[in-house]
Amino acid sequence: DSGVTQTPKHLITATGQRVTLRCSPRSGDLSVYWYQQSLDQGLQFLIQYYNGEERAKGNILERFSAQQFPDLHSELNLSSLELGDSALYFCASSALGTVNNEQFFGPGTRLTVL
Amino acid sequence: QQQVKQSPQSLIVQKGGISIINCAYENTAFDYFPWYQQFPGKGPALLIAIRPDVSEKKEGRFTISFNKSAKQFSLHIMDSQPGDSATYFCAASMSSSASKIIFGSGTRLSIRP
């Protein structure tokens, strides 16, 4: 158990809908990272937040957004969902603000868009 | 320039053998190279990591070999065990304030008993 929690575990929705994925980092970690893992794209870095502020952006679509709250939990919002958004979404956390240190991954949320 | 190329895509090794997974990168600004291990239904977990100022790092049965001039690094698993069967991802990142991490495509390793 990494100490990172993600909810929900599974999510099934329809195209065009909007969903919110939630992540609670390990106690004391200030950084939260979001990743998308699909069969054809592998593990893709989406976005990082550090202590409430956006720190780095990866291959995140404009339809996706994220935020980190004062209690350090984070939410990833996915809107106007398309079939291709079906994937595993992982959250990870680390103590420091850069990616050059160990990240602890949560168990993931499996999103299925029908 | 941001890609990390990983090979092979899948690998089958006999128990007790050596598993070798290779990665290559292009951007010389990368300065941190971790390997992550992922079991089915779980999130990735850091296995071992190296910085470019050393050519090799060993932790138990796992060794990273790093060739800065060739821009390549590899993971060696000695005395491979069935419990090592998992998907392995190499990655590369930069220690800049706008840092992000690039993952290889993954290698599915199966250890035959």
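On a predicted model such as this, the values are computed, not experimentally measured, just so you know.

**A look at the environment of G41 of chain B**
All names here are of chain B. You can see G41 is positioned in the loop between β4 (33-38) and β5 (45-50). Classification of G41 as exposed rests on a relative accessible area of 65%. Through-space distance from the C-alpha of G41 to that of R108 is 14 Å; in sequence the pair is 67 residues apart.

**A look at the packing of aromatic side chains**
Evaluation of the coordinates by the stated rule reveals 16 aromatic pairs over all chains. Where Y35 of chain A meets F103 of chain B, the ring centres are 5.5 Å apart and the plane angle is 85 degrees; that geometry is what we call edge-to-face. Of this pair, Y35 of chain A sits in strand β4 (residues 31-38) while F103 of chain B sits in strand β10 (residues 101-103), on two different chains. Both residues of the pair, Y35 of chain A and F103 of chain B, belong to the buried class.

**As for the interface of chain A and chain B**
Interface size, as often reported, equals the accessible area lost upon joining of the parts. Contact residues are listed per partner, giving 19 residues for chain A and 20 residues for chain B. Viewed at the interface, chain B and chain A are joined by zero salt bridges. Linking chain A with chain B are two residue pairs in polar contact (both at pLDDT 80 or more). Elements that contribute at least two residues to the side of chain A that touches chain B include exactly β4, β5 (42-50) and β6 (53-57) of chain A. Each residue belonging to the side of chain A that touches chain B can be placed in one class, and the counts come to eight nonpolar, eight polar and three charged.

**Observations regarding the state of the cysteines**
Disulfides are covalent bonds that link the sulfur atoms of two cysteine residues. Residues and elements named next belong to chain B. Per the stated rule, a full pass over the model turns up two disulfides over all chains. C23 shares a disulfide with C90; S-S distance 1.9 Å. Residues C23 and C90 are joined by a disulfide whose S-S torsion is about -95 degrees; by sign, that bridge is left-handed. Of this pair, C23 sits in strand β3 (residues 19-25) while C90 sits in strand β9 (residues 86-93); the two residues are 67 residues apart in sequence, bridging distant segments of the chain.

**Quick word on the pairing of strand β8 (residues 72-77) of chain B**
One face of the sheet, then the other: side chains in a regular strand alternate in exactly this way. Alignment of β3 of chain B against β8 of chain B, held across six bridges, turns out to be antiparallel. When the bridges of β8 of chain B are listed, N22 of chain B appears paired with S74 of chain B.

**As for the pairing of strand β9 (residues 87-94) of chain A**
Residues and elements named next belong to chain A. With eight of eight residues buried, β9 is to be regarded as a mostly interior element. In the sheet, β4 pairs with β9 via seven bridges, with the strands oriented antiparallel. Across the sheet, residue V32 finds its bridge partner in β9, namely S93. Where β9 meets strand β11 (residues 109-113), three bridges bridge the pair, whose relative direction is antiparallel.

**Quick word on the sheet that holds strand β3 (residues 19-24) of chain A**
Residue and element names in this part refer to chain A. Judged by pairing direction, the sheet is antiparallel, and its four strands sit side by side in the order β1-β3-β8-β7 without closing on themselves. The two strands at the open ends of the sheet, each matched to only one other strand, are β1 (5-7) and β7 (64-68). Taking each pair of neighbouring strands and ignoring which way they run, the sheet shows an average axis angle of 15 degrees. Two elements, β7 and strand β8 (residues 74-78), share five bridges in a ladder whose sense is antiparallel. Along β8, the bridge assignment pairs Q68 with S74.

**With respect to the confidence of the model for chain B**
Per-residue pLDDT for chain B has a mean of 92; in total, 95% of the residues score no lower than 70. Looking across chain B, the model is least confident in β10 of chain B, with a mean pLDDT of 88, and most confident in β8 of chain B, with 98.

**Some points on the environment of K57 of chain B**
All names here are of chain B. Among the structural elements, K57 can be located in strand β6 (residues 56-59). What makes K57 partly exposed here is its relative accessible area of 31%. In this structure, the C-alpha to C-alpha distance between K57 and K68, residues 11 residues apart in sequence, is 14 Å. Ignoring sequence-local partners within four residues, the contact set of K57 consists of I48, A49, I50, F62, T63 and I64. A polar contact is formed between the side chain of K57 and the backbone oxygen of A49, at a distance of 3.1 Å.

Quick notes on the rules
- Counting restarts for each chain: residues are numbered from 1 in the order of the written sequence.
- Here every chain gets a letter starting at A, and every ligand a number starting at 1, in the order they are written.
- Owing to the predicted nature of the model, reporting of local features is limited to residues with pLDDT of at least 70; listing and counting of side-chain atom pairs is limited to 80 or more, with chain, interface and lining totals taken over all residues.
- As a rule here, side-chain values cover all heavy atoms of the structure and leave hydrogens and water aside.
- For helices the rule is a DSSP run of H or I covering at least 4 residues; for strands it is a run of E covering at least 2, with both sets numbered from the N terminus onward.
- For every residue, the accessible area (1.4 Å probe, protein chains only) is compared with the maximum for its type, and the residue is labelled buried under 20%, exposed over 50%, or partly exposed between those bounds.
- To pair, rings of Phe, Tyr and Trp, with the six-membered ring standing in for Trp, must have centres within 6.5 Å; the planes then decide the type, stacked if under 30 degrees apart, edge-to-face if over 60, and tilted in the middle.
- A contact between two residues is defined here by any heavy atoms of the two lying within 4.5 Å.
- In what follows, salt bridge is the name for a side-chain nitrogen of Lys or Arg lying within 4 Å of a carboxyl oxygen of Asp or Glu.
- Any N or O atom pair separated by 3.5 Å or less is treated as a polar contact, with the protein-specific requirement of one donor-capable and one acceptor-capable atom, and with residues adjacent in sequence counted only for side-chain atom pairs.
- Nonpolar residues are Ala, Val, Leu, Ile, Met, Phe, Trp, Tyr, Cys and Pro. Charged residues are Asp, Glu, Lys and Arg, and all others, Gly as well, are polar.
- Cysteine sulfur atoms are paired as a disulfide whenever they fall within 2.5 Å.
- The pairing criterion for strands is at least two bridges between them, as found by DSSP.
- Inter-axis angles, ranging from 0 to 180 degrees, are taken between N-to-C directions of lines fitted to C-alpha atoms, where helices are fitted over the stretch in contact.
- Per residue, pLDDT measures the predictor's confidence, with a range of 0 to 100.

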